Amino acid sequence: MIKIAVADDEMIILDSIHKRIDEILDKFGIEHEIYDYAEAAPLLEDSEKMSFDIIFLDIDMPNISGMEAAEILRDGDDEVDIIFITNKDELVYDAIKFAPFRFIRKSKFDLEIEETLNDFLAKRKKNNERYMFLTAQGKRWVFPFKIKYIEVTSHKLIIHENKETFTINGNLKDIENTFHNYGFIRIHQSYLVNYRFINLIKFREVLLDDGTTLPLSRSRYEQAKIDYMHFSRES
């Protein structure tokens, strides 16, 4: 079940967005619920009680703007996908800091909403993929997007998830190509890091969002930046 919120103060547009999402997701046989909001305040209230998967926000709304709502939403849930809808292209740059999944122009609505939903479903499918590690205790299935980074020491791979770590036999070369497809960047001979958790790439180190600092090889600096921008654009 996908839970979707749509906020737009123009009722005709709000109804149009709702119907178009219904049509597209029904075509793919995707079970979903859509919640409509003519302003941001009730959306923010409901977001504290339920977990939305994707939120369509009109940037230019009265009282609480789409960008103000996005800032509050990001403080409470940094994983929800936010799609900004706008007819004011000059506002797009200011909205980038809220890490939106996509922008949809009202002038290109029919084309861009279908592309956006297709990309969202592809991302959702990828995030639901699991990878099997063979540990001393047996098989361990994990969601790659929840792994922060992987390091190697003494022919052992240490897998750092959000709240715990575990160790397996192996080396980074064995999994580097596979995990690159999941958004992992080789920053050092001993480290693969998930771009989702990167806060800053400096010349000789990578800072993660939890304050962890990892070494960055000088020879990998430029490629790490390129990979990070590539994955960020695709997300």
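Time to look at the sheet that holds strand 3 (residues 54-58). Spatial ordering of the open sheet is given by 2-1-3-4-5, a layout of 5 strands whose pairing is parallel. Two strands lie at the open edges of the sheet, namely strand 2 (32-37) and strand 5 (102-105), each paired on one side alone. If you compare each strand with its neighbour and ignore which way they point, the axes differ by 20 degrees on average. In this sheet, strand 5 lies alongside strand 4 (residues 81-86) in parallel orientation, the contact comprising 4 bridges. What sits directly across from isoleucine 83, in strand 5, is arginine 102. Running at roughly 140 degrees to strand 2, helix 2 (residues 40-47) makes contact with strand 1 (2-7), strand 2 and strand 3 of the sheet.

Using the criterion set out here, one finds 12 aromatic pairs in the structure. Both rings, one in tyrosine 35 and one in phenylalanine 52, keep their centres 5.6 Å apart while their planes meet at 70 degrees; by these two values the pair is edge-to-face. Residue tyrosine 35 is located in strand 2, and its partner phenylalanine 52 is located in the loop between helix 2 and strand 3; the two are separated by 17 residues in the primary sequence. A network of ring pairs unites the aromatic residues Tyr131, Phe133, Phe166, Phe179, Tyr182 and Phe184 as a single cluster.

The next subject is the nonpolar core. Grouped together as the largest cluster of nonpolar side chains are 19 residues, with contacts concentrated most on Ile4, Val6, Ile21, Phe56 and Ile113. Listed by contribution, the elements that provide at least two residues to this core are strand 1, helix 1 (11-27), strand 3, strand 4 and helix 5 (109-127). Discounting chain neighbours no more than four positions away, the residues touching phenylalanine 56 are Ile4, Ala5, Val6, Ala7, Ile21, Ile83, Ile85, Ile104, Ile113 and Leu117. By size, the runner-up hydrophobic cluster in this structure holds 18 residues, among which are Ala5, Ile55, Leu57 and Phe84.

Within strand 11 (residues 184-188), 5 of the 5 residues are buried, which leaves it mostly tucked inside the rest of the structure. The hairpin formed by strand 11 and strand 12 (residues 191-194) contains 2 residues between the paired strands.

Moving on: helix 2. Ala40, Leu43, Leu44 and Asp46 are the residues of helix 2 that are buried. Relative to the axis of helix 2, the buried residues are bounded by an arc of 165 degrees and lie together on one face.

This brings us to unusual backbone geometry. Phi at serine 154 takes a positive value of approximately 50 degrees, unusual for a residue other than glycine. For serine 154, a relative accessible area of 65% gives the class exposed. For histidine 155, which is not glycine, the phi dihedral falls at a positive 60 degrees. Locating histidine 155 in the fold gives a position in the loop between strand 8 (147-153) and strand 9 (156-161).

Conventions we followed
- Residues numbered from 1 in each chain as written.
- Predicted model: local features only at pLDDT ≥ 70, side-chain atom pairs only at ≥ 80, totals over all residues.
- Heavy atoms only, no water.
- Pairing = 2+ DSSP bridges.
- Helix = DSSP H or I, 4+ residues; strand = E, 2+ residues; numbered from the N terminus.
- Axes fitted to C-alpha atoms, helices over the stretch in contact; angles between N-to-C directions.
- Contact = heavy atoms within 4.5 Å.
- Phe/Tyr/Trp six-rings, centres within 6.5 Å; stacked < 30°, edge-to-face > 60°.
- Core = buried A, V, L, I, M, F, W, Y, C linked by side-chain atoms within 4.5 Å.
- Buried < 20%, exposed > 50% of the residue type's maximum accessible area, 1.4 Å probe, protein only.
- Arc of directions from axis to C-beta.

Geometric values such as these leave the question of function open.
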